[in-house]
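The residues making up each chain are set out below.
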Amino acid sequence: MQNRDFVIENATVVLPSGILKGASIKIEDRIISEIREGSINSNQNRINAQERFLLPGFIDLHSDAVEKEIEPRPNTFFPVNIALFELDKKLASCGVTTIFHALSFAEGEIGVRSNEKAAEIIKEINRLKERMNVKTMVHARFEITDDGAIPYLDALIKDECINLLSLMDHTPGQGQFKEVASFKNYFGTVYKKCDAELTKIIDRKLAAKESVVSHIDYVVDLCKSMNIPMASHDDDSEEKIRWLKKKGISISEFPVNMDAARAAMQSGIHVCLGAPNVLRGDSQAKNLSARNAISSGYGDILCSDYAPMTILHAVFTIERLDILPLHEAVNMASTNPAKALGISDKTGSIEEGKEADLILVDISDEVPRILKTFISGREIFSAF
């Protein structure tokens, strides 16, 4: 449907504060102009939702799925533009209406995580983003032990190519990898690194630890000057959370234990958890269970991490397990990330005056299925 003025009727609409059954919404000139229980009198085109769920589109602030699209196997690369256009279609079918492609500046770890390659991909995303169906943003991930990333980040930030920046530290002994063995097992298995290569990476990280403070301060101050929101990755202590608060970092991604998640939420810092963790029931690295964190009230954002299809199923898993009511689970993938990223005035919820970023979901079968995806009132995906 290319006409952006239409009515969706007979829908079960998920609002930020609850669920409105048998409702209609009117979309005019890309915007939700009216929400009403019952029908709306209008001569516009109409879609009968047949009591299916109408959700706000998902806002995915951390997805490194783009890396696998470009480098599906070690040292096997596809053209970046082809990978981006094909991933764009997948994201629409998964209900993601705003994507923050996560690119890592971590020299020497894997192919697409070299500084030069990451910068190249980010420039290509910015060149093509207006031609994508999904609203497309960039999340730059800065491995703090890599001072070689600074010139690249400096240029990209000043050129307004980055929309979110996160600080990460994968040095063994803290964060995600408490032990050297766990670091080697993960990178050796996933990225096919031999022991000698892994030892070299670890030695380089440890040697760089002395100079990370100045690197961090420079990047943080630059982001503040450009009003770029910031996140921290794999936080592991209350002390680390206090440090985030002091630096003005507002999002804690994938805290590795309950103490860190609790401290973040109590400090007013958003806690972003992985939808794959929710769906599977545990952390791949055997760290914090996202289900447990949400049950305890210590998580308010869901992201796809590496698997865009998981957001939809994580949301309905949270509701099915009675962890949260459905509208609160949906808020974790829409309203709350929009607030954390400073875009909630435009999108992230089904409210009058917001852009019509919507997904129609059928839950009558074995698993929830997305039937239609709309971005700014334009239908970009349809399964019927």
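So, here is what we can say about the structure in this document. Source: prediction; values computed, not measured.

Remarks on the overall build of the protein chain
For step 1, the next point in the chain: What the protein chain contains, in helices and strands, is 14 helices and 16 strands.
For step 2, the next point in the chain: Counting across all 384 residues of the protein chain, residues that qualify as buried make up 58%.
For step 3, the next point in the chain: Once local pairs closer than 6 in sequence are excluded, the contacts in the protein chain between residues at least 24 apart make up 64%.

Here we look at the packing of aromatic side chains
For step 1, the next point in the chain: Counted by the stated rule, this structure contains 2 aromatic pairs.
For step 2, the next point in the chain: Summarising the aromatic geometry, the rings of Phe 53 and Phe 316 are spaced 6.1 Å apart at their centres and angled 75° between planes, so their arrangement reads as edge-to-face. Of this pair, Phe 53 sits in strand S5 (residues 53-56) while Phe 316 is found in helix H12 (residues 310-320), placing the two residues 263 residues apart along the sequence. Each of the two residues, Phe 53 as well as Phe 316, counts as buried.

Some words on the pattern of salt bridges
For step 1, the next point in the chain: Throughout the structure, instances matching the rule amount to 22 salt bridges.
For step 2, the next point in the chain: Residues Asp 357 and Lys 135 are paired through a salt bridge, measuring 2.5 Å at the closest nitrogen-oxygen approach. Of this pair, Asp 357 sits in the loop between helix H14 (335-341) and strand S14 (358-362) while Lys 135 sits in strand S8 (residues 135-143), and the two are 222 residues apart along the sequence.
For step 3, the next point in the chain: Residue class for Asp 357 comes out buried when judged on its relative accessible area of 3%.
For step 4, the next point in the chain: A salt bridge links Lys 372 to Glu 379; its shortest N-O distance comes to 3.0 Å. Of the two residues, Lys 372 and Glu 379, neither departs from the other in class, the shared state being buried.
For step 5, the next point in the chain: Through salt bridges with shared partners, a single network forms among Asp 64, Glu 67, Arg 113 and Arg 141.

Remarks on the sheet that holds strand S12 (residues 270-274)
For step 1, the next point in the chain: Ordered in space as S6-S7-S8-S9-S10-S11-S12-S13, the 8 strands form an open sheet in which the pairing is parallel. Looking along the sheet, the strands with just one partner apiece sit at the ends: strand S6 (58-63) and strand S13 (301-303). Neighbour-to-neighbour, the strand axes of the sheet open up by a mean angle of 25°, direction not taken into account.
For step 2, the next point in the chain: Its contacts with the sheet place helix H7 (residues 212-225) against S8, strand S9 (164-168) and strand S10 (230-233), and it is angled at close to 165° to S9.

Examining the nonpolar core
For step 1, the next point in the chain: Counting residues in each nonpolar core, the largest one holds 84 residues, and the members touching the most others are Leu 55, Phe 58, Phe 105, Leu 153, Ile 294, Val 315 and Ile 318.
For step 2, the next point in the chain: Setting aside residues no more than four positions away along its own chain, Phe 58 makes contact with Cys 94, Gly 95, Val 96, Thr 97, Thr 98, Ile 311, Leu 312, Val 315, Ala 333 and Ile 359.
For step 3, the next point in the chain: Ranked by size, the runner-up nonpolar core spans 18 residues in total, among them Phe 6, Ile 32, Ala 49 and Phe 374.

Quick look at the environment of Asp 29
For step 1, the next point in the chain: Structurally, the position occupied by Asp 29 is in the loop between strand S2 (18-28) and strand S3 (31-37).
For step 2, the next point in the chain: Residues Asp 29 and Glu 355 lie 326 residues apart in sequence; the distance between their C-alpha atoms is 9.1 Å.
For step 3, the next point in the chain: Excluding residues within four positions of it along the chain, Asp 29 makes contact with Arg 4 and Asp 5.

Focus: the pairing of S2
For step 1, the next point in the chain: Sheet topology note: the strand S1 (residues 6-15)/S2 ladder contains 7 bridges and is antiparallel. Opposite Leu 15, over in S2, you have Gly 18 as the bridge partner.
For step 2, the next point in the chain: Hairpin geometry of S1 and S2 is characterised by an intervening segment of 2 residues between the two adjacent antiparallel strands.
For step 3, the next point in the chain: As paired strands, S2 and S3 are joined by 6 bridges and run antiparallel to one another. In the strand pairing of S3, Ala 23 is matched with Glu 37.
For step 4, the next point in the chain: Linkage of S2 to S3, two consecutive antiparallel strands, is achieved through a turn of 2 residues, within which Asp 29 is found at a positive phi near 50°.

Some details on the pairing of S14
For step 1, the next point in the chain: Among the 5 residues in S14, 5 count as buried, and that is most of the element.
For step 2, the next point in the chain: The side-chain alternation of S14 yields two buried faces, one formed by Leu 358, Leu 360 and Asp 362 and the other by Ile 359 and Val 361.
For step 3, the next point in the chain: Strand direction decides the pairing type here: S14 and strand S15 (residues 369-375), joined by 5 bridges, are antiparallel. Within S15, the residue paired with Leu 358 across the bridge is Phe 374.
For step 4, the next point in the chain: Connecting S14 to the next strand, S15, in antiparallel fashion are 6 residues.

Considering the environment of Ser 17
For step 1, the next point in the chain: Mapping Ser 17 onto the fold places it in the loop between S1 and S2.
For step 2, the next point in the chain: Put simply, Ser 17 and Glu 328 are 311 residues apart on the chain and 7.7 Å apart in space, counted from C-alpha to C-alpha.

Some remarks on the side chain of Asp 64
For step 1, the next point in the chain: In this structure, Asp 64 sits in the loop between S6 and helix H1 (65-70).
For step 2, the next point in the chain: Take Asp 64: its relative accessible area is 9%, and that puts it in the buried class.
For step 3, the next point in the chain: Of the polar contacts made by the side chain of Asp 64, one reaches the side chain of Arg 141; its length is 3.2 Å.
For step 4, the next point in the chain: Not counting chain neighbours up to four residues away, the residues in contact with Asp 64 comprise Ala 102, Arg 113, Arg 141, Asp 305 and Tyr 306.

Here we look at helix H2 (residues 80-93)
For step 1, the next point in the chain: With 14 residues, H2 ought to run about 20 Å at 1.5 Å a step, and its terminal C-alpha atoms sit 20 Å apart, in line with that.
For step 2, the next point in the chain: All buried positions along H2 are accounted for by Val 80, Ala 83, Leu 84, Leu 87, Asp 88, Leu 91 and Ala 92. Projected onto a plane normal to the axis of H2, the buried residues spread over an arc of 160° and lie on a single side.
For step 3, the next point in the chain: Structurally, H2 contributes buried residues whose contacts are with H1, strand S7 (96-105), helix H3 (115-128), S15 and strand S16 (378-382).
For step 4, the next point in the chain: Positive backbone phi, approximately 85°, marks Gly 95, located one or two places after H2.

Definitions and cut-offs
- Residues numbered from 1 in each chain as written.
- Predicted model: local features only at pLDDT ≥ 70, side-chain atom pairs only at ≥ 80, totals over all residues.
- Heavy atoms only, no water.
- Helix = DSSP H or I, 4+ residues; strand = E, 2+ residues; numbered from the N terminus.
- Buried < 20%, exposed > 50% of the residue type's maximum accessible area, 1.4 Å probe, protein only.
- Contact = heavy atoms within 4.5 Å.
- Phe/Tyr/Trp six-rings, centres within 6.5 Å; stacked < 30°, edge-to-face > 60°.
- Salt bridge = Lys/Arg side-chain N within 4 Å of Asp/Glu carboxyl O.
- Pairing = 2+ DSSP bridges.
- Axes fitted to C-alpha atoms, helices over the stretch in contact; angles between N-to-C directions.
- Core = buried A, V, L, I, M, F, W, Y, C linked by side-chain atoms within 4.5 Å.
- Polar contact = N/O pair within 3.5 Å; in protein donor to acceptor, adjacent residues only side chain to side chain.
- Expected span 1.5 Å × (residues − 1).
- Arc of directions from axis to C-beta.

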